[in-house]
Amino acid sequence: MSTSTATETSARFAAFDRTTSIWGPITLGLGLLISLAAALYAAFGTGVGVTPLELATAVGAVLATFGIIAVIEPVSYFPILGRSAMYQAFLIGNIANKLLPAAIVAQANLGEKPGTRRAELIAGSAIIGAVMVHITTLILLVGVLGTWLVGMLPPPLIATARSYILPAIFGAVVLQSVMAMKSRRTTIVAVVVAAAIVFVVVPLAPALTYFATALAVIITIAASWFARSKTPLSPADADAGQARRTTPISEPIH
Amino acid sequence: MVVAVVDPGSTDITPLIHHPVLWASAAGVFAVVILQSAIYFKAIRKAAPAAELTPGQVNSSVRSGAVAAIGPSLAVALIAVSLLPLFGTPAVLTRIGLVGSAAFDVAAAGISAGTQGAQLGGPTYTQKIFAIAFAAMTIGGLVWMLTALILTPVLSKGDAKLRKVNPAIMAIVPTAALLGAFFTLAFQEVLKSPVHLATMLASAAAMGVCLLLAHRFRLSWLREWGLGVSIIVALSTAYFMTAAA
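All figures in this text were calculated on a predicted structure; none of them were measured in a lab. (Residues numbered from 1 in each chain as written. Chains lettered and ligands numbered in written order. Predicted model: local features only at pLDDT ≥ 70, side-chain atom pairs only at ≥ 80, totals over all residues.)

Student: Can you help me understand the overall build of chain A in this one?
Tutor: For chain A, the count of helices and strands is nine helices and zero strands. Traced from its N-terminal end to its C-terminal end, chain A shows the element sequence α-α-α-α-α-α-α-α-α. For chain A, the proportion of its 254 residues judged to be buried stands at 49%. A separation of at least 24 residues holds for 63% of the contacts in chain A among residues at least 6 apart in sequence. (Helix = DSSP H or I, 4+ residues; strand = E, 2+ residues; numbered from the N terminus. Buried ≥ 20, exposed ≤ 12 C-beta atoms within 10 Å, placed from the backbone. Contact = placed C-beta atoms within 7 Å.)

Next up, the structure:
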């Protein structure tokens, strides 16, 4: 038959919602458990002698720095992704640079704007396609080709790559983030706070070294908040704010 | 493959980064991703008629998504390869395959090595440091999954709550956190050595050029490839500086 009754339509969507709200969390949870197991095994099962305190300190320092972004991201992406795609997106990551564009292109191809049920299904399909390409390129280009390539590199090159990968990444990332965020005030605050902490505070109080980044994050947030423009947002600004929210937050840099 | 002895103090981290358990977890992660995609695909196909989507349209959406992902995937692959010397293949596959991002994972690893007074790469990068770095960056990445798991049902029920949150918070807080964290990390690198400083400047310069060209000539793919290109340029700079020394 060519047309569905209203009840059949809602029954189909109900079934979709049921499946995705059960299997979405299950698969995301599985991913979580597998990686947790790997992390704990690496720390405690391999016999390298990591103590729980050492791991807790390391994790604590990382979470104090990035935890807040981890809480805000789901909130920002939810309106765009919709409920079912959240479980796909937060399993795979690469949301802003890969999954979102894939979803948007597919929706545009079928002339559908985000927000409808139809758009939700299209987005889910597109993400599946993107994920398959993601996995394939990782396995072939990184797993096989990359490993072979790196195996051919002379040790001095490997040593260089290890020793200097941090500045090699951060220089680009900082610039990219500054350009992407388009927020002069916050940028200035961040530079000042970071410089103060790294060049002044930590040398004076070396005990703070571990938590330099966490401290910088907290102070930058507080200072940016107080330094924010107090004028109420005009509709144009509000739209720009909305646009910025949907711009890559933590992922200018995949 | 010879599985050499696990030795915490050893700077030969090869036995650890290629540990079978790490390979198994990489395989496990990919299997879960494929499983989820299969389940979602079936669910979408079943619901498609209700949304007036033909099976053909579903398939073509999958194809559009796949094609759209090619460019970004290649760009990410380049970045991932640049991380292979540091973390080894299974760790990189797991992290980039799962909610991972080069910048965050490297930052997390660097921070956690710092808590032990060590650095990534160099003489202090022992098996133990790799283990802590891997564990900490993995657990850091988990938190995203956890918050997504907890918040998604909450957000589904309470759209109204979202609107009560001051939009300025959503605009300012993540920006401040991101910039604060990465500027601090960048400045810390500057302190380490002139080569670190030069590498960072080279990286920023390369990115600047990519962004400029992308903007001027409207080459949006350059934006995607910016980080990968910058890493190569920066590492080359570091190599020539240290080789010339």
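Text resumes after the structure shown.
Student: Where do I start with the interface of chain A and chain B in this structure?
Tutor: The accessible area lost on association of the parts is a frequent measure of interface size. Every contact between the two is made by 151 residues of chain A and, on the other side, 146 residues of chain B. Among the residues forming the side of chain A that touches chain B, the class breakdown is 96 nonpolar, 43 polar and 12 charged. (Nonpolar A, V, L, I, M, F, W, Y, C, P; charged D, E, K, R; others polar.)

Student: Explain the packing of helix H6 (residues 155-181) of chain A against helix H9 (residues 194-216) of chain B to me, please; I cannot follow it from the model alone.
Tutor: The angle between the axes and the distance between the axes are what describe a pair of packed helices. Here H6 of chain A crosses H9 of chain B at 40 degrees, and the two axes come no closer than 7 Å. By the angle between their axes, H6 of chain A is oblique relative to H9 of chain B. Of the two elements, H6 of chain A crosses H9 of chain B, and the hand of that crossing is right-handed. Seen from H6 of chain A, the contacting residues are Tyr164, Pro167, Ala168, Phe170, Gly171, Ala172, Val174, Leu175, Gln176 and Met179 of chain A; seen from H9 of chain B, they are Val195, His196, Thr199, Met200, Leu201, Ala202, Ser203, Ala204, Ala206, Met207, Gly208 and Leu211 of chain B. Of the residues belonging to the contact of H6 of chain A with H9 of chain B, the class tally is 16 nonpolar, six polar and no charged. (Axes fitted to C-alpha atoms, helices over the stretch in contact; angles between N-to-C directions. Parallel < 35°, antiparallel > 145°, perpendicular 65-115°, else oblique. Left-handed = near helix turned anticlockwise from the far one by under 90°.)

Student: Any chance you could explain helix H3 (residues 83-92) of chain A here in plain terms?
Tutor: Helical geometry: 3.6 residues make up each α-helical turn, so side chains three or four residues apart lie on a common side. Of all the 10 residues making up H3 of chain A, nine are buried; the element is thus mostly covered by neighbouring parts of the structure. Taken as a whole, H3 of chain A has its buried residues at Ser84, Ala85, Met86, Tyr87, Gln88, Ala89, Phe90, Leu91 and Ile92 of chain A. Against the buried residues of H3 of chain A lie helix H1 (6-45), helix H2 (52-81), helix H4 (95-109) and helix H5 (117-152) of chain A together with helix H2 (20-47) and helix H6 (127-157) of chain B. Backbone geometry just downstream of H3 of chain A places Gly93 of chain A in the positive-phi region, at approximately 75 degrees.

Student: Mind showing me how you'd approach the domain arrangement of chain B here?
Tutor: Residues and elements named next belong to chain B. When its domains are assigned, chain B resolves into domain 1 (1-164) and domain 2 (166-245). Relative placement of domain 1 and domain 2: their C-alpha centres are 22 Å apart. Between domain 1 and domain 2, the residue contacts involve nine residues of the former and nine residues of the latter. Those elements that provide at least two residues to the side of domain 1 that touches domain 2 are helix H3 (55-87) and helix H5 (102-115). The element that contributes the greatest number of residues to the side of domain 1 that touches domain 2 is H3, accounting for six residues. (Domains from an automatic or database assignment.)

Student: So what exactly am I meant to see when it comes to H1 of chain A here?
Tutor: Its 40 residues give H1 of chain A an end-to-end C-alpha distance of 56 Å, which sits within 8% of 58 Å, the value for a rise of 1.5 Å per residue. Positive backbone phi, at 80 degrees, marks Gly47 of chain A, one or two positions downstream of H1 of chain A. (Expected span 1.5 Å × (residues − 1).)

Student: I tried to follow the packing of H4 of chain A against H3 of chain B on my own but got confused; where do I start?
Tutor: H3 of chain B packs onto H4 of chain A with a crossing angle of 140 degrees between their chain directions and a minimal axis gap of 8 Å. Here H4 of chain A runs over H3 of chain B; the crossing is right-handed. In this structure, H4 of chain A contributes Asn97, Lys98, Pro101, Ala102, Ala103, Val105, Ala106 and Asn109 of chain A to the contact, and H3 of chain B contributes Ser61, Ser64, Gly65, Ala68, Ala69, Pro72 and Ser73 of chain B. Tallied by class, residues from the contact of H4 of chain A with H3 of chain B come to eight nonpolar, six polar and one charged.

Student: Where do I start with the environment of Ser224 of chain A in this structure?
Tutor: Take Ser224 of chain A: it is sitting in helix H8 (residues 212-227). When the 25 C-beta atoms within 10 Å are taken as the criterion, Ser224 of chain A is described as buried. Note: C-alpha distance between Ser224 of chain A and Ile188 of chain A (36 residues apart in sequence) is 9.1 Å. The residues touching Ser224 of chain A, leaving out its near neighbours within four places in the chain, are Arg185, Thr186 and Val189 of chain A together with Ile172 and Ala176 of chain B.

Student: What am I meant to see in unusual backbone geometry here?
Tutor: Leave glycine aside and you will find that most residues have negative phi; peptide bonds, for their part, are mostly trans. Phi is positive for Asn94 of chain A, close to 50 degrees, though the residue is something other than glycine. Here the phi dihedral of Glu52 of chain B falls at roughly 55 degrees; this positive angle occurs in a residue that is not glycine. Assignment of secondary structure puts Glu52 of chain B in the loop between H2 and H3. Looking at Glu52 of chain B, the number of C-beta atoms within 10 Å reads 13, which means it is partly exposed.

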